[in-house]
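# Notes for the structure review
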Amino acid sequence: MSVTMAISTPAQAAAPVRIMPLGDSITGGPGCWRAVLWDRLQRNGFSDVDFVGTQAGGGCNLASWDGDNEGHGGYRATGIADQNQLPGWLAATHPDVVLMHLGTNDIWSNTPTATILAAYGTLVDQMRASNPDTKILVAQIIPMTPSGCSWCPSGVTALNSAIPGWAASRTTARSPITVVDQYTGFDTSVDTSDGVHPDDSGFQKMSDRWYPALIPLLGGSTPGDTTPPTTPTGFTATVDCSLRVTLRWTASTDNAAVTGYDVFRSANGAAFISIGTATATSFSDTLSGMYQYQVRARDAAGNTSGFTAPVSVVPPPCPPQDTQPPTTPGTPTASATTATSATLAWTASTDNVRVTGYDVYRAPGSGGSFALVGTSPTSSFTDSGLSAATTYRYQVRARDAAGNASTFSAAATVQTAGGTAGCSATLTLQTGWGGGYVMQPNTVTNTGAAAISGWTVTFTLPAGHTVTGSWNATVTVSGQTVTARGIAGQNATLGAGAGTTWGFQASRPGGDTTVPSTVSCTSP
């Protein structure tokens, strides 16, 4: 999917911009705002960056992100400054930009605002001593409402109120200090797990505040739209017996427009990775293990919502797979045939579950391969678009709901109607003598384009001649008229172009040498 961004992509620098996330457990463990921020930078073309720090990871559910940081759980700004800890971290990492969220533990210890700001000043001086051009982003820290700390909310408010004035007094042209408001809009009841440490929605909000302040330092333009979409709701996952997973959710809203959704998957407890995007509120996947899914929304400016809570899917309890095919159907017969169609019927198959249909195959009557011409849910089928006076062969097989197929039925031959029926006949003298003669082979040929089911040959005997015997035909004589007919089951039926032979013996007066010669043939 193509997304138009409201920022300019930075030119590639000679070396990556080194960014140090500096803080306490909100930054270090798990500090997932770092993972969300890293992901957004990469998606929006700011790939030439390097998060740095002597600490690694954070355990966030995003794969392939740079987890280096300088977040130390339980540390205070005053403690880091008093114990001179920062110079060693700076010497090991050489940051160009520092994202500093410090002061939470100082306030919990009821440290005065002025003391915290003095520690901030020491840390800034140490950053500039390491790199005079260090760019510093200082957070107005997120609110905190832990039990047993009645002074914490007011302490955060006092510190945040003093930070802008302190930053203005300490900023320089070479090493500017930018204040990032992480406080406004952050709700400890929904954005933290314990009144202090952010949950997924809190990490998303922190990333959304760092991002626009950081972009100008990377060569980009500050995004005009910095409002993320709402987190999708109603996220569900279902899986069927074919292991097809269907994800669905309720659409997010946005101040401009939601342009799509990112779908993430965790396989067998591993980190979540992106497996695709969707523009609608559903997504399909194939299950292959123990999976969890999360979804987030995106807008045109690249803002992303928080992730939905993970949803797990496992294979459903499905019945055993059916591997038994249906029985073989009966040989098809033609119950109705026209010049262009044939209606077939056959004895139905049986199955251990249920026969769902039949495949009908056809081949030329004179040979060739069978090919599928249609399917039928019942034990009959009408094949249309056939040629007149043409022979075809048919066979069928049954199928069940699991896709098992029976063996093929025996083949049946079907002749379509049409074509001009007709036949021709000849009489042939085999031998003759003074008182008689034998005529064979007398031929009958089907001259039509379709099979005939019978034939009749007629001729006249010369005066005084008498038929004394015949074979391969049923012969009757009326006066001097002889009628010969094909014998049913033997040679009465002739295919198009086919022929047969018959014969007879006759007596005649002595000295007579004539034989019958004019003959006619008709067919039903």
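Residues numbered from 1 in each chain as written. Predicted model: local features only at pLDDT ≥ 70, side-chain atom pairs only at ≥ 80, totals over all residues. Heavy atoms only, no water.

### Quick word on the environment of tryptophan 33
To be explicit about the condition: A helix here means a DSSP run of H or I that spans at least four residues, while a strand means a run of E at least two residues long, and both kinds are numbered starting from the N terminus. Residue exposure (1.4 Å probe, protein chains only): buried if accessible area is under 20% of the type maximum, exposed if over 50%, otherwise partly exposed. A contact between two residues is defined here by any heavy atoms of the two lying within 4.5 Å.
Mapped onto the secondary structure, tryptophan 33 falls in helix α2 (residues 33-43). Residue classification places tryptophan 33 among the buried positions, given a relative accessible area of 0%. Non-local contacts of tryptophan 33, meaning those with residues more than four positions away in its chain, are made with Pro21, Ile26, Thr27, Leu99, Phe203, Met206, Ser207 and Trp210.

### Describing helix α7 (residues 152-170)
Rule in force here: Residue count minus one, scaled by 1.5 Å, sets the expected span of a helix. Axes are fitted to the seven residues ending at a residue and to the seven starting at it; the angle between these axes is taken as the bend at that residue.
Look at α7: 26 Å from first C-alpha to last across 19 residues, which is about the 27 Å you get at 1.5 Å a residue. Where α7 bends most, the angle comes to about 30 degrees, and this point is isoleucine 163, followed within four residues by the proline proline 164. Turning to α7, its buried residues number three or more, namely Cys152, Gly155, Val156, Leu159, Asn160, Ile163, Trp166 and Ala167.

### Regarding the confidence of the model for the chain
We count it as follows: pLDDT expresses how confident the predictor is about each individual residue, on a scale running from 0 to 100.
Residue-level pLDDT values for the chain average 91, and 96% of them are 70 or greater. In this model, residues 1-13 is a region of pLDDT below 50 whose contacts with residues beyond four sequence positions or in other chains number 34 contacts.

### As for the packing of helix α4 (residues 86-93) against helix α6 (residues 113-130)
We count it as follows: What counts as an axis is a line fitted to C-alpha atoms, over the stretch in contact for a helix, and the angles between N-to-C directions run from 0 to 180 degrees. Oblique is the label for every angle not falling under 35 degrees (roughly parallel), over 145 degrees (roughly antiparallel), or within 65 to 115 degrees (roughly perpendicular). The crossing is said to be left-handed when, going from far helix to near helix, the turn is anticlockwise and less than a right angle, and right-handed when the turn is clockwise.
Here α4 crosses α6 at 30 degrees, and the two axes come no closer than 10 Å. With respect to α6, the axis of α4 lies roughly parallel. The crossing of α4 and α6 is right-handed. Between α4, through Leu86, Pro87 and Leu90, and α6, the contact on the second element is made entirely by Leu123, Gln126, Met127 and Ser130.

### Observations regarding the sheet that holds strand β7 (residues 233-239)
Inclusion rule: By this definition, two strands are paired if DSSP reports at least two bridges between them.
The three strands lie next to each other as β7-β8-β11, forming an open sheet whose pairing is antiparallel. At either end of the open sheet lies a strand with only one pairing partner, and these are β7 and β11 (282-286). With direction set aside, neighbouring strand axes in the sheet form an average angle of 15 degrees.

### Regarding the packing of aromatic side chains
Condition: Any two rings among Phe, Tyr and Trp, with Trp reduced to its six-membered ring, count as a pair given centres within 6.5 Å; such a pair is stacked if its planes are under 30 degrees apart, edge-to-face if over 60, and tilted if neither. Our definition puts a charge over a ring when NZ of Lys or CZ of Arg is within 6 Å of the ring centre and also within 35 degrees of the ring normal.
Using the criterion set out here, one finds 13 aromatic pairs in the structure. When the ring of tyrosine 120 is compared with that of tryptophan 166, the centres are 5.5 Å apart and the planes differ by 65 degrees; the resulting orientation is edge-to-face. Separated by 46 residues along the polypeptide, tyrosine 120 in helix α6 and tryptophan 166 in helix α7 bring together distant segments of the chain. We note that tyrosine 120, like tryptophan 166, is buried. Against the face of tyrosine 211 rests arginine 40, its NZ or CZ located 3.8 Å from the ring centre.

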